[in-house]
Structures are given as structure tokens and as C-alpha cells.
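An overview of the molecular structure
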Amino acid sequence: MRGNDVFGLRMRQLRSLSATTTTTRTRTQTTFPKPKSAKHSKPPLRDYDPDILKWNKSISSHMRNGHCDSALRVFNTMPRRSSVSYNAMISGYLRNGKFHLARDLFDKMPQRDLFSWNVMLTGYVRNRRLGDARKVFDLMPERDVVSWNAMLSGYAQNGFVDEAREVFDRMPKKNSISWNGLLAAYVQNGRIEEARRLFESKLDWDLISWNCLMGGYVNRMMLIDARRLFDQMPVRDEISWNTMISGYAQNGNLLEARRLFEESPIRDVFTWTSMVSGYVQNGMLDEAGRVFDEMPEKNEVSYNSMISGYVQCKKMDLARELFEAMPFRSISSWNTMITGYCQNNDIDQARKLFDMMPQRDSVSWAAIIAGYAQNGHYEEALNMFVEMKRDGESLNRATFSCALSTCADIAALELGKQVHGQAVKSGYESGCFVGNALLGMYFKCGSLDEAYNVFEGIEAKDIVSWNTILAGYARHGFGRQALTVFESMKMAGLKPDEITMVGVLSACSHTGLTDRGTEYFYSMDKDYGVTPTSKHYTCMIDLLGRAGRFKEALNLMRNMPYEPDGAAWGALLGACRIHGNTELGEKAAEMVFKMEPHNTGMYVLLSNLYAASGRWVDVGKMRSKMKDVGVQKLPGYSWVEVQNKIHKFTVGDCFHPEKARIYAFLEELDLKMKREGYVSSTKLVLHDVEEEEKEHMLKYHSEKLAVAFGILTIPSGRPIRVIKNLRVCEDCHNAIKYISKIVGRLIILRDSHRFHHFNEGYCSCGDYW
């Protein structure tokens, strides 16, 4: 059993002793008027009148069975009623979730006794209406310890600890529930020192309170304090032992956990499971297995702990064997196995288990959706999201986030908008978790205006929100807008972090703001307390290299506090390709190949550099080297979304059903482009063939096919959004500029590095990419 499980059990016990909790955090008044004197218009009916007693029992019986209408019929036919009759009805309504009926009947009561007021007060607290509860409390003609405890609990369990303390201090009489309730409030809200002081102010605490404070220490990893309290306890129960054992186990002190385990006079299934979980979480799977095999009794948590251990160690065969042996399988057990198969890239087995599940929850759906997405099966992931809706499963934050991430990965904007609509209906749009996922989705789909609208709609923007919009603008080539966001973020009072500064430097790099980027880099430690990491140095090497300032880039690499990694040398190689610096490019490539011998992109970059210089022998050598090392060039492909369907193209694609129409349109475009001055960049073809053949090879690159299909099928006035898995080639970049002018369309291309917005013959990158 995890420490949190023990702590949760202890908190449930405390809550059973005190008035029930709510979750609404509404600030309410804290003045305490003197109780008004009770007034009675006439003596109450005797509650032990045999006839009334009989009717009241009938009402209570109907309410216990959930038959509120039957109880009301009995109530309405009563010739006489006492306050107990009303109380039975009000309590029954509250127990059956009919708060408004309870409140209406309370308001109509001819006479109310203390029990009536306490029942209604507790009802308001249970229904998350602390303000109204306080009004009832202030109106009560008399109060007892139950009244005060109800109000204390309402404040305490909603995080209003100071208000709870004020109630506690004003109580004319306190009982153990009062003391335990305030102690639990301090512990639950992380105010452990105040909990300690309260505990030390009294001697005769219940066992549950000792356990509560000890659990608070354990949860905050204050094991010395927890152990001191454990040793002082006048009496201990199984929760006391389990809390300390799980505390040591979860914090890696398995020797002490085992020693206490051996000393424990009572070992229940939770004690044994604490040891199993501790060994699993600390990677000691063999020890966990031995304890698991020795267990006299196992429960679902025990099995799930061992299965999780096998899954984490990628021992799916052992996990499956134990899963099959389980005498009972909860949804959690199935979900753990499905997640394990997904993480081990066995999506087929994950799907088989998913289909076999007798019952599913939102976690099951989120696991299989994430599994498909993580394994590159994006369309299947989205299909499962649609199936989840059809199945009637309520969508939660995790499934929305997963679906939106999948839409972002494949730039399925229309599907993303549909998911957005569902998020709005479910009330998740304005929260950070889903809001940030929406923000990322719109940026990755190339829809900047909608991304900005989402950003504005997030009620409490966190650092992730700001970093996402900053990085989004940077990746789209709108570096100045990104820097404006950066300044707004600082004005909003948020402190930039490492990720923020990577975004800032990338924005400067993609926009050619070399001097400004250099300024940010050298001042970020002093101004924002962010020490440059290898990522920041890589951004600077890219920034200087793109500007052709190779001497400065090399000096920075020599003086950086880290050894340059593959990413740093790769950034330098990319800059060499842009400026045709073959000599330095060879050196950078040599360093990359030593560190990352299977980095396909670097081989291609160097080959492009050789081809541009006409060094065909060296291009051939690179091909041979790739073959010897076992590196295969990733096939380039592009895709475009049309009417909720993804259309994928490869170079020279001859399988698409519309290929004849696409090729004819490209031939037509080619003639118009040449009349406008377009010239093919044949130097980029990595084959030593005739110029005419090179032109033909360039003409049918995947991004051109996708753009052509988009123009033919996407209604005029709407942007054409094309995604490529590799970096767009220079010839296609040049050609799409011409195409955007000829057809008068906005074409947004996302490649593996950044976005390009083509419009009226220009690109947002300013040809600085």
C-alpha cells in the first residue's frame, strides 16, 4: 500500500468523525453573533405519541430505501406531525440528494428544534454552499457542539483553515471531533508546523490523531519527525505500523522498512503490500517477488503493484502471466497491462486486451488513445476518441489532452476543432491543462489566430501557457511577436524559466535577430536567474551559424562549460549547409557521426553540401558509409487534411486516386511558374544525372503533390495546410512561393523544423531558414 493510500484511509476515518466536507472555496464572513433566544408559539407534540411514532418510522423506512415520493405520501396523509416527522423528511431528502426539497420543507416547518437546524446546516455544507451554511448557523436560536463542528468542518475541509481555527477558538465546548477536525485541516493543507503546535497543546489525543500527524510527516518526507512520534505513541494499531513501514519503503529506506515489518505485531494485507510496493518503486523486483510469494493473503493492490513492477522493467511476459493468474481483476489491472503493452510498442496486444475488457473507464480509453498516438497510429487514435464518445464514456481532461495532441501531431485541424467543441461543452476549455493542449494544437496546425484566442480564454495562465505561445510564434517565424509575448509575460509577473529562454533564443534565431539574441543569452543568468544549459548554447550556435558568424560560433563551443554534443555540432552543420561552408561542415559532421552514428539527418545534410558543391564522388561515399553503418534515409512524405481525411503523398506518388488530376495541374503550374521567373534548384538533386532529369525529379516532390491536391480540393478562401515529416527542400520552398502568388492562396507548410507561411510570393521566414 502506498503512503498516500494509508494517509487517505486515515483521512476518511477522520472525516467520518466530523461533519462532511465540501470543495467550494468561497470566502465567507467570520463574525459570530450571539445566539438568539428560542421562541415557541406552542408546546411541541410528544414525539413518543404511538401514532406519530408509527408514521415517522414509515417515513424513515421509505427514505432509507430511496423512495422519496412514497415517504412524501405518508407525510402528507399524517393527521398530526411532530418535529421528528419533518426531520425524517428533511434528512431523507438530503440523504437521497434532493437538497432543494429539503430546504423548501425546512423553510415551511412550523417548529424547528436543534436537530432540525443541525440537519439543515450539515445539508448546506454537504452541498457546497458554505455561504448559506454560515447564514443558517448565524440564525440558529441555539447551538451545540454538533453545530460548531459542522461549521468548523465546512471551513476546514475546503481549505479555509484560518476560518476553521476561528470557529474552533470561539467554541464554548469542544470534543474530540473538534480537535481532530482542526488537526486534520492543518495536515491536509500542508500547515504541518501549526499541526505540530496544536498537537503539543493537548495530551489526551485519540489514536487516530497520532496517526494523522504521523501521516502528515511521512507525506512530507519528514521521516525523523514521523519516527519520533511513532516511538512516543502510547498505543499503535495496524495503520500506525503501515504508515511508518510505507513511509520508509516509499523513500528508499528498505532496510528500516523491513526491520519494522519484522517487528510489527500485526501484519495485514496492507503491511505486506507496503513492502511489495516499496521494493517495486525502488527497482528491487526480485525482492518484491519474494515478499509477494510469501504473502498469506493478497488483494488487488498487491497484484497490481507486482504487475506494475514487471511493466516498468519491460517484462511483459511475467506481467501477463501474473495478470492471468489474478483471482479478481479490476479496471486498474486491465489499464496497467494496456499501458504496459503501449509503452513496449505492442499496440496490437494492447488493443486485444482493450477489446476483452468487461468494463472500461476514461483511463482505459485514454491509455489506448495515447498508445496509438505514441506508436504513430494517429488516425486510429482519433478513431478511438470518436468511439469513446459513441460508447457514452464521459470525456476527462486526460482524454481531451491526448486527442488534441494527436490532432496536433498530424495537423488535423478540422478534427481538432471538433475536439475543441467537445471541450467547450464539457467545461474544460478555460482550464490550463486542456487550454494549453488546445493552444499547442492550433499552433501545430498553423492556425495562429485561433491559438491566440485560446490563450486569451485561459483564465489562469501558467508558465506552460506563456511558453507555448512564445515557442509557437517563434516556430512560425514570427520572432518579433514572440519577443512581444516575452515582454508581456514579464509584465504579468511570471518569471522566465529555462524553456522560456530556449523559446526566446529560437525566436531570435529564426528571425535573424542575432545581436538581440546574443544580448538575451549573456544576460539571462543575471536578469532571470536562468543558468544556460546545453540547449541554450545550441540555440546560440544555431543563431550565430545562420548569420554566417562561424568564428564566434566556434569560440562559443570552445568556451562553453559542457562538451559540445551532437545537437550543437548538428546546428553548426546546418549553418554550413546554408552558407556552403564545406570544410567546416565536414568537421562538424565528423563530430556528429562519432556521437550519433545513426543520425540520418546529418548524413543527408552533408550529402546536400557535397551535391551543392558538385562533389559527386563524396556523395557516393556518403551513401556507402550510410549502408556500412546500417543507416537508412527516412522516406520523405507529406500530407494534407481534406474533409476530415488525411491524404498522404510520397515523392512521385502513383497510388493516390487523384494522381492524374494532380500531375496535370502540376504541369500547368510549372509552365506558369517558369513564365514568372522560377528556376529549378537542380544542384540539390543527390544524383549525377542530366539537368532535365533533375528537374523532373524535383517536380514531383511530396510537398508539391500535397500542395497541388490542397489547391484542387480545399475551397477558395481557406488556407492550405501541408505537413512534411522531413525538412522542406530549397527548391520546393522556392516553388511554393511562386505557386502562392499564381493561385492567390495562403499556403502553410510545416516541416520537421518550423513553419512557413507562403502568401503572394513571399514566405514568413524571409528566406532565413
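Below: a short report on this structure. These numbers were taken from a predicted model, which means no experiment stands behind them. (Residues numbered from 1 in each chain as written. Predicted model: local features only at pLDDT ≥ 70, side-chain atom pairs only at ≥ 80, totals over all residues. Heavy atoms only, no water.)

Taken as a whole and assessed by the stated rule, the structure comprises 27 aromatic pairs. Ring geometry for Phe 261 against Trp 272: centres 5.0 Å apart, planes inclined by 85°, an arrangement best described as edge-to-face. Taken together, the residues Phe 261 in helix 15 (residues 254-263) and Trp 272 in helix 16 (residues 269-281) connect sequence positions eleven residues apart. Judged by relative accessible area, which is 9%, Trp 272 ranks as buried. On the numbers, 6.2 Å between centres and 85° between planes, the contact of Tyr 303 with Phe 328 is edge-to-face. You can see Tyr 303 sitting in helix 18 (residues 300-312) and its partner Phe 328 sitting in the loop between helix 19 (316-325) and helix 20 (331-343), a full 25 residues away along the chain. Classification of Tyr 303 by relative accessible area gives buried; the value is 12%. Classification of Phe 328 as partly exposed rests on a relative accessible area of 37%. The rings of Phe 168, Trp 179, Phe 199, Trp 205 and Trp 210 are connected pair by pair, giving a single aromatic cluster. (Phe/Tyr/Trp six-rings, centres within 6.5 Å; stacked < 30°, edge-to-face > 60°. Helix = DSSP H or I, 4+ residues; strand = E, 2+ residues; numbered from the N terminus. Buried < 20%, exposed > 50% of the residue type's maximum accessible area, 1.4 Å probe, protein only.)

With that settled, the discussion passes to the packing of helix 6 (residues 114-126) against helix 7 (residues 130-139). Close contact between helix 6 and helix 7 brings their axes to 8 Å; oriented N to C, the two are set at 160°. By the criterion of interaxial angle, the relationship of helix 6 to helix 7 is roughly antiparallel. Judged by the twist between their axes, the crossing of helix 6 over helix 7 is left-handed. Where helix 6 abuts helix 7, its residues Trp 117, Leu 121, Tyr 124 and Val 125 lie against Asp 132, Ala 133, Val 136, Phe 137 and Leu 139. Among the residues making up the contact of helix 6 with helix 7, the classes are represented as eight nonpolar, no polar and one charged. (Axes fitted to C-alpha atoms, helices over the stretch in contact; angles between N-to-C directions. Parallel < 35°, antiparallel > 145°, perpendicular 65-115°, else oblique. Left-handed = near helix turned anticlockwise from the far one by under 90°. Contact = heavy atoms within 4.5 Å. Nonpolar A, V, L, I, M, F, W, Y, C, P; charged D, E, K, R; others polar.)

In this section: the pattern of salt bridges. Applying the stated rule across the entire model yields 33 salt bridges. The closest approach of N and O atoms between Arg 227 and Asp 231, which form a salt bridge, is 3.1 Å. Of this pair, Arg 227 and Asp 231 both sit in helix 13 (residues 223-232), four residues apart, which is roughly one turn of that helix. Since its relative accessible area comes to 15%, Arg 227 is described here as buried. Assessed through its relative accessible area of 46%, Asp 231 is described here as partly exposed. In this structure, Arg 615 and Glu 586 form a salt bridge, with 2.9 Å as the shortest nitrogen-oxygen distance. Of this pair, Arg 615 sits in the loop between helix 36 (600-612) and helix 37 (616-629) while Glu 586 sits in helix 35 (residues 582-595), and the two are 29 residues apart along the sequence. Exposure remark for Arg 615: the relative accessible area of 30% places this residue in the partly exposed category. When salt bridges with common partners are traced through the structure, they connect Arg 227, Asp 231, Glu 256, Arg 259 and Glu 263 into a single cluster. (Salt bridge = Lys/Arg side-chain N within 4 Å of Asp/Glu carboxyl O.)

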